[in-house]
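These are the residues of each chain, in order.
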Amino acid sequence: MAVEVRVLDDPAAEAARLLAAAASAGGHLALTGGSSPGAAYQQAAGLSAQWEEATLWWGDERCVPPDDDRSNYGMARDALIARLDPAPTVERIRGEDGPGAGAEHYERALRAAFGDRPPIFDLLLLGLGPDGHCASLFPGTPALGVSDRWVVGVERAGQPPYVPRISLTVPALTAARETLFLVCGEEKADAVRGAFGAGGEDLPARRVAAGAAHTTVLLDHAAAGKL
Ligand code: 6PG
């Protein structure tokens, strides 16, 4: 329930530090896609940390092959994973299998690792879309209401890139020990206010933050401009 908002000159650097610390603790980390985390992954790769005991998961994936420029896994592989030696365990979402089979495969992987309870990530990294989405849960869509599975296939994305998605559901996203939103840029300022400001709107990110054990929101000054 607790939400801590921090406005920083370089929020990606702080996200990198938190990722590296969680990895060194041997935790289960869930990564995100989009433009904001790339800098954090690159900086995390340069920090001294022990990644070999960590396991990397993802909050969502675009239904494209791993070498496609739009792949969330591919972005993290290039910015982070390929630079780590020894490497962590990687449990990627198979976007290339499509939203149905890809979601089933990831659900099985999560249940094999965590049992029949929602996955408890030690650190869940999320971004925030300008419409208030997080992972691939878009406002006003049925995926938001799924409560009997940890993973859902999303046929239609509400924001670019317009490819089907595979996403964790609200119960899976709210089970993490620590949830970290990394949000940069003026175009996110309205969504930041709606998701994390006083009053606010019923946005996916607000639902996740409301249900999570502890949430830290790392903002740059532009994203915090309307708080
Ligand atoms: C994705 C995401 C998505 C992302 C937000 C913010 O696959 O697109 O995981 O939820 O985190 O859209 O993305 P940006 O950092 O690019 O603004």
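Described below are features of the structure shown in this document. Per chain, residue numbering runs from 1 following the sequence as it is written. Local features in this predicted model are restricted to residues whose pLDDT is 70 or higher, and side-chain atom pairs enter the listing and the counts only when it is 80 or higher, whereas totals over whole chains, interfaces and linings include all residues. In computing side-chain properties, one takes all heavy atoms of the structure into account and sets aside hydrogens as well as water.

1. Brief notes about the overall build of the protein chain
Put simply, the rule reads: The helix count covers DSSP runs of H or I at least four residues long, the strand count covers runs of E at least two residues long, and both are numbered beginning at the N terminus. Working definition: with a 1.4 Å probe on protein chains only, accessible area under 20% of the residue-type maximum means buried, over 50% means exposed, and in between means partly exposed. Contacts are residue-level and defined by heavy atoms, with any inter-residue pair within 4.5 Å sufficient.
Looking only at helices and strands, the protein chain features seven helices and ten strands. Overall, the protein chain is about 40 × 40 × 30 Å in size when its C-alpha atoms are taken along their principal axes. By the burial criterion, 55% of the 227 residues in the protein chain qualify as buried. Counted over contacts in the protein chain with a minimum sequence separation of 6, partners at least 24 positions apart contribute 76%.

2. Regarding a nonpolar patch on the surface
Here is the rule: Put simply, a patch holds well-exposed residues, over 30% relative accessible area, that have no salt bridge, with like charges counted together within 9 Å and Val, Leu, Ile, Met, Phe, Trp or Tyr side chains within 5 Å. Calculation of accessible area relied on Shrake-Rupley with a 1.4 Å probe; when residues are assessed, cover is drawn exclusively from the protein chains displayed. We count a salt bridge whenever a side-chain nitrogen from Lys or Arg sits within 4 Å of a carboxyl oxygen from Asp or Glu.
Together, Val3, Val5, Val7 and Leu227 give the surface a local cluster of nonpolar side chains, amounting to about 290 Å² of exposed area. Structurally, Leu227 can be placed in the segment after strand 10 (214–219).

3. Re the sheet that holds strand 2 (residues 28–31)
Filter applied, for reference: Paired strands, in this sense, are two strands between which DSSP finds at least two bridges.
Read across the sheet, seven strands follow the order 1-10-9-6-2-3-5 without closing on themselves; strand pairing throughout is parallel. If you trace the sheet from one side to the other, it starts and ends with strand 1 (2–7) and strand 5 (89–90), each paired once. When strand 1 meets strand 10, the two strands line up parallel, connected through six bridges. When the bridges of strand 10 are listed, Val5 appears paired with Val217.

4. Remarks on unusual backbone geometry
The step from Asp85 to Pro86 runs through a cis peptide bond, and the omega angle for that step is 0°. In the Ramachandran plot, Ala135 falls in the positive-phi region, its phi being about 45° despite a non-glycine side chain.

5. Brief notes about the side chain of Ser36
In this structure, Ser36 sits in the loop between strand 2 and helix 2 (37–45). Residue classification places Ser36 among the buried positions, given a relative accessible area of 13%. When neighbours within four sequence positions are excluded, Ser36 is seen to be in contact with Leu182, Cys184 and Lys188.

6. Description of helix 3 (residues 72–79)
One full turn of an α-helix is made of 3.6 residues, so residues set three or four places apart face in the same direction. Short version of the rule: Here a polar contact is recorded for every N or O atom pair within 3.5 Å, except that within protein the pair must consist of a potential hydrogen donor and a potential acceptor, and residues adjacent in sequence are included only if both atoms are side-chain atoms.
Those residues of helix 3 lying buried are Asn72, Tyr73, Gly74, Ala76 and Ala79. For helix 3, the side-chain oxygen to backbone nitrogen distance between the N-cap and Tyr73 is 3.3 Å, and the N-cap itself is Ser71.

7. Here's the deal with the nonpolar core
For the record, the criterion: In plain words, nonpolar cores are sets of buried Ala, Val, Leu, Ile, Met, Phe, Trp, Tyr and Cys residues tied together by side-chain atoms within 4.5 Å.
Grouped together as the largest cluster of nonpolar side chains are 75 residues, with contacts concentrated most on Leu29, Trp51, Trp58, Leu110, Phe181 and Phe196. Counting residues per element, this core draws most heavily on helix 1 (residues 11–24), at seven residues. In this view, Phe196 contacts Val3, Val5, Leu128, Phe181, Ala205, Arg206, Ala209, Val217 and Leu227; residues no more than four positions away in its chain are not counted.

8. A few points about the packing of aromatic side chains
Note the cut-off: Pairing of aromatic rings covers Phe, Tyr and the six-membered ring of Trp, with a centre-to-centre limit of 6.5 Å; geometry is then stacked below 30 degrees between planes, edge-to-face above 60, and tilted otherwise. Look at NZ for Lys and CZ for Arg. If either is within 6 Å of the ring centre and within 35 degrees of the ring normal, a charge sits over the ring.
Taken as a whole, this structure holds six aromatic pairs when the rule is applied. Three or more aromatic residues joined by ring pairs form one cluster here, namely Trp57, Tyr106, Phe114 and Phe121. Above the face of the Tyr73 ring, Arg92 is positioned so that its terminal group lies 5.4 Å from the ring centre.

9. Focus on the site of the ligand
Put simply, the test is: By convention in these notes, a residue is near a molecule or strand provided one of its non-hydrogen atoms lies within 4 Å of it. For this classification, the nonpolar set comprises Ala, Val, Leu, Ile, Met, Phe, Trp, Tyr, Cys and Pro, the charged set comprises Asp, Glu, Lys and Arg, and every other residue, Gly included, is treated as polar.
For the ligand, the set of nearby residues contains 16 residues, the closest of which are Ser35, Asp60, Arg62, Ala135 and Lys188. A distance of 2.7 Å is found between an oxygen atom of the ligand and a side-chain nitrogen or oxygen belonging to Arg62. One nitrogen or oxygen atom from the side chain of Lys188 is found 2.3 Å from an oxygen atom belonging to the ligand. Calculation on the ligand without its partners gives an accessible area of 410 Å², and the protein chains cover 90% of this total. For the shell around the ligand, the class distribution of residues is three nonpolar, nine polar and four charged.

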